[in-house]
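Architecture at a glance
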Amino acid sequence: MGVSLYLVFNKKFFRPTKLKRTIALAIIFVIYLFSGAFIFQRLNLPTELDERQQIFEFKKWFLENHKCVDQSSLTELVSSIEDAMSNGIVFVENSQDFTSNWSYGGETIFFVFTTLATIGYGQISPLTEYGKLFCIFYIITGVPLTMLILTLIVDKLEYELTWSMELQ
């Protein structure tokens, strides 16, 4: 790709002030990433928990009221389970263990990173209207920030490779 315009006009790319600015920008990006994950978790977890509870209540009702299962009742149960699964809620027989798709751990960080990197695998998505609205604004500000970080990384690598080739 050649040397970027930034490097052409500024041969001292990583002077101490530039290094501090790059580190500050990286810290801002990490804070942005984690705060976005936190907000997505807060917006979507209650809806996910409500949907999960509704499925368990329906299952309980179904088992109490249908000693002999007919086709339409079974279809209704399966349809409810499919609806929950389309929102990323896994339904396992007699399971009391529950891991949320919107826990603050890896799931929301994974969602935020794949969204900002414009990869978007689509395993989970915001469940609420506020979550979807926040996602739009988060992407509008986050994608340029991500591209800036990636540009700085590429410029640094390009500078190092160009500089090391000039020494040889």
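Preceding this section is the structure that the text describes.
What you see is a predicted model; the values in this text were computed from it and never measured.

Here we take up helix α4 (residues 106–116). Given 3.6 residues per helical turn, the α-helix brings residues three or four places apart onto the same face. Looking at α4, one finds that the buried residues are Thr-108, Ile-109, Phe-111, Val-112, Thr-114, Thr-115 and Leu-116. The positive-phi residue at the C-terminal boundary of α4 is Thr-118, with phi of around 60°.

In this section: the nonpolar core. Judged by nonpolar contacts, the single largest core of 16 residues is most densely connected at Phe-29, Phe-40, Phe-111, Val-112, Leu-116 and Tyr-138. Of all the secondary structure elements, the ones that give two or more residues to this core are α2 (16–65), α4 and α5 (129–167). The element best represented in this core is α2, accounting for six residues. Setting aside its immediate chain neighbours within four residues, Tyr-138 contacts Tyr-32, Leu-33, Gly-36, Phe-40, Val-112, Leu-116 and Val-143.

Counted by the stated rule, this structure contains six aromatic pairs. A centroid spacing of 5.0 Å and a plane angle of 70° characterise the contact between Phe-40 and Phe-134, whose relative ring orientation is edge-to-face. One end of the pair, Phe-40, is in helix α2; the other, Phe-134, is in helix α5, and 94 residues separate them in sequence. With relative accessibility at 0%, the residue Phe-40 sits in the buried group.

Attention now moves to the environment of Phe-111. With respect to the secondary-structure elements, Phe-111 resides in helix α4. Judged by relative accessible area, Phe-111 falls into the buried class, the value being 7%. Linking Phe-111 and Ala-37, residues 74 residues apart in sequence, is a C-alpha distance of 7.7 Å.

Once that is clear, we can look at a nonpolar patch on the surface. On the surface, Tyr-130, Leu-133, Ile-136, Phe-137 and Ile-140 cluster together into a nonpolar patch covering about 580 Å² of accessible area. Relative to the assigned elements, Phe-137 resides in helix α5. Classification of Phe-137 by relative accessible area gives exposed; the value is 51%.

Reading the values: rules and limits
Residues numbered from 1 in each chain as written. Predicted model: local features only at pLDDT ≥ 70, side-chain atom pairs only at ≥ 80, totals over all residues. Heavy atoms only, no water. Buried < 20%, exposed > 50% of the residue type's maximum accessible area, 1.4 Å probe, protein only. Helix = DSSP H or I, 4+ residues; strand = E, 2+ residues; numbered from the N terminus. Core = buried A, V, L, I, M, F, W, Y, C linked by side-chain atoms within 4.5 Å. Contact = heavy atoms within 4.5 Å. Phe/Tyr/Trp six-rings, centres within 6.5 Å; stacked < 30°, edge-to-face > 60°. Patch = residues over 30% accessible without salt bridge, like charges linked within 9 Å, V, L, I, M, F, W, Y side chains within 5 Å. Areas by Shrake-Rupley, 256 points an atom, 1.4 Å probe, with all protein chains shown as cover. Salt bridge = Lys/Arg side-chain N within 4 Å of Asp/Glu carboxyl O.

Function-wise, these values are silent; they only describe arrangement.
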